[in-house]
Amino acid sequence: MQPKKQVSYHCNDCKDKGFIFKDINDYEVAIKCKCEILKETKSKMNNSGLGNLLETKTFNNYTTEKPYQKVIKDTAMEFTKEYLKGNKYSFAILGQSGVGKTHIMAAVSKELINNNINVKHYIADEIIQILQACKFDEENYNREFGEIANVGVLFIDDLFKSSVQNFYNKETINTNDLREIFKVINYRYNKKLPILLNSELHFERFRDLDQAIIGRINEMCQYKYIVSIKPDADKNYRLNKHN
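Peer 1: Even after reading the chapter, I still don't get the nonpolar core, so can you show me in this structure?
Peer 2: One broad rule of soluble globular proteins: the nonpolar side chains tend to lie buried together. Ranked by size, the top nonpolar core spans 60 residues in total, and within it Phe91, Leu159 and Ile217 carry the most contacts. Filtering out sequence-adjacent residues up to four positions away, Leu159 remains in contact with Ala124, Ile181, Ile185, Leu197, Asn198, Ser199, Phe206 and Ile217.

Rendered as structure tokens:
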């Protein structure tokens, strides 16, 4: 008689079923196994669009040598704590390049993803290009818009980085770019869906360029989870790191 072949499982707790059955109040209830939760978390990380930023940009390795860095980090951590309590606010960092805006947003994203929350990252120009590419095809446009606008948490990076124009010493935002971004933000504003947002436009400059968008962002951030850093080259770590 052949000896019974021993079965090997990746997870001995659930025998690779993804669920563990427990008796609760005389009912057998299926509870998601920790291996399934880990698998879903890894999938969310892979689908987030953030790549290895989730591993390299953390709260722990964001330095807070300067007061403005401490404000950014403290606000981000308070926002994350509130969000995980169920308060689905938005969070924005505006202004000076090189202060670690994307770093902090990646750290926030990782904490949310680790708690089984979907986060999707887009460079703002990507959103504009995707939507403008299909603006004459209503069905395709609606599908693309829906995929962008309905994600759990939408991370918009570098908002209007290449959209600001200057004619006769007056700054404006490219009308087509503004229209597409406004549609996305206004949709999420009306649906009470959160955003994470970075822009090199500080609050006052943003307000002068378009009050409709910055007003919605400010309200979505509850008027407190929004940090604005005015231009100051001394704060740009990319310019101040040298041998």
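That covers the picture; the talk isn't over yet.
Peer 1: I would appreciate a short explanation of the packing of aromatic side chains in the present structure.
Peer 2: Each pair of aromatic rings is reported with the distance of its centres and the angle of its planes. Scanning all chains against the criterion turns up seven aromatic pairs. When the ring of Phe79 is compared with that of Phe91, the centres are 5.3 Å apart and the planes differ by 20°; the resulting orientation is stacked. In this pair, Phe79 is assigned in helix α3 (residues 67-84) and Phe91 in strand β3 (residues 91-95), connecting sequence segments 12 residues apart. Between the aromatic rings of Tyr89 and Tyr225, the centroid separation amounts to 5.7 Å while the plane-to-plane angle is 20°, which identifies the pairing as stacked. Linking Tyr89 in the loop between α3 and β3 with Tyr225 in the loop between α9 (211-220) and β9 (226-229), this pair joins segments that are 136 residues apart in sequence. By way of ring pairs, the aromatic residues Phe79, Tyr83, Tyr89, Phe91 and Tyr225 are connected into one cluster. The ring of Tyr122 carries Lys120 above its face, with NZ or CZ at 5.8 Å from the centroid. Lying across the ring of Tyr189, Arg216 places its NZ or CZ 5.4 Å from the centre.

Peer 1: Help me understand the pattern of salt bridges in this model?
Peer 2: For side chains bearing opposite charge, pairing can occur when the charged atoms are close. In total, this model carries four salt bridges according to the counting rule given. Between Lys70 and Asp74 there is a salt bridge; the shortest N-O distance is 2.6 Å. Taken together, the residues span about one helical turn, with Lys70 and Asp74 both in helix α3 at a distance of four residues. You can call Lys70 partly exposed: its relative accessible area is 47%. Of the charged contacts, one joins Glu82 and Lys85 as a salt bridge, the two residues approaching to 3.3 Å between their closest N and O atoms. In this structure Lys85 comes out as exposed when scored by relative accessible area, which is 58%.

Peer 1: Which parts of the structure should I look at to understand the packing of helix α5 (residues 124-133) against helix α6 (residues 138-149)?
Peer 2: Geometrically, a packed helix pair is captured by the angle between its two axes and the distance between the axes. At a closest axis distance of 8 Å, the pairing of α5 and α6 adopts a crossing angle of 160°. Our classification of the angle between α5 and α6 gives roughly antiparallel. The handedness of the crossing between α5 and α6 comes out as left-handed. Along the contact surface, α5 presents Ile127, Ile130 and Leu131, while α6 presents Tyr141, Glu144, Phe145 and Ile148. Its residues placed into classes, the contact of α5 with α6 shows six nonpolar, no polar and one charged.

Peer 1: I would appreciate a short explanation of the sheet that holds β3 in the present structure.
Peer 2: Sheets are built from strands paired through backbone hydrogen bonds, the pairs being either parallel or antiparallel. If you walk across this open sheet you meet the five strands as β4-β5-β8-β3-β9, and the pairing is parallel. Each edge of the open sheet carries a strand with a single partner, namely β4 (119-123) and β9. Sheet twist, expressed as the mean angle between neighbouring strand axes with direction ignored, is 10°. When β3 meets strand β8 (residues 195-199), the two strands line up parallel, connected through four bridges. Pairing of Leu94 across the sheet is with Ser199, part of β8.

Conventions adopted
Residues numbered from 1 in each chain as written. Predicted model: local features only at pLDDT ≥ 70, side-chain atom pairs only at ≥ 80, totals over all residues. Heavy atoms only, no water. Core = buried A, V, L, I, M, F, W, Y, C linked by side-chain atoms within 4.5 Å. Buried < 20%, exposed > 50% of the residue type's maximum accessible area, 1.4 Å probe, protein only. Contact = heavy atoms within 4.5 Å. Phe/Tyr/Trp six-rings, centres within 6.5 Å; stacked < 30°, edge-to-face > 60°. Helix = DSSP H or I, 4+ residues; strand = E, 2+ residues; numbered from the N terminus. Lys NZ or Arg CZ within 6 Å of the ring centre and 35° of its normal. Salt bridge = Lys/Arg side-chain N within 4 Å of Asp/Glu carboxyl O. Axes fitted to C-alpha atoms, helices over the stretch in contact; angles between N-to-C directions. Parallel < 35°, antiparallel > 145°, perpendicular 65-115°, else oblique. Left-handed = near helix turned anticlockwise from the far one by under 90°. Nonpolar A, V, L, I, M, F, W, Y, C, P; charged D, E, K, R; others polar. Pairing = 2+ DSSP bridges.

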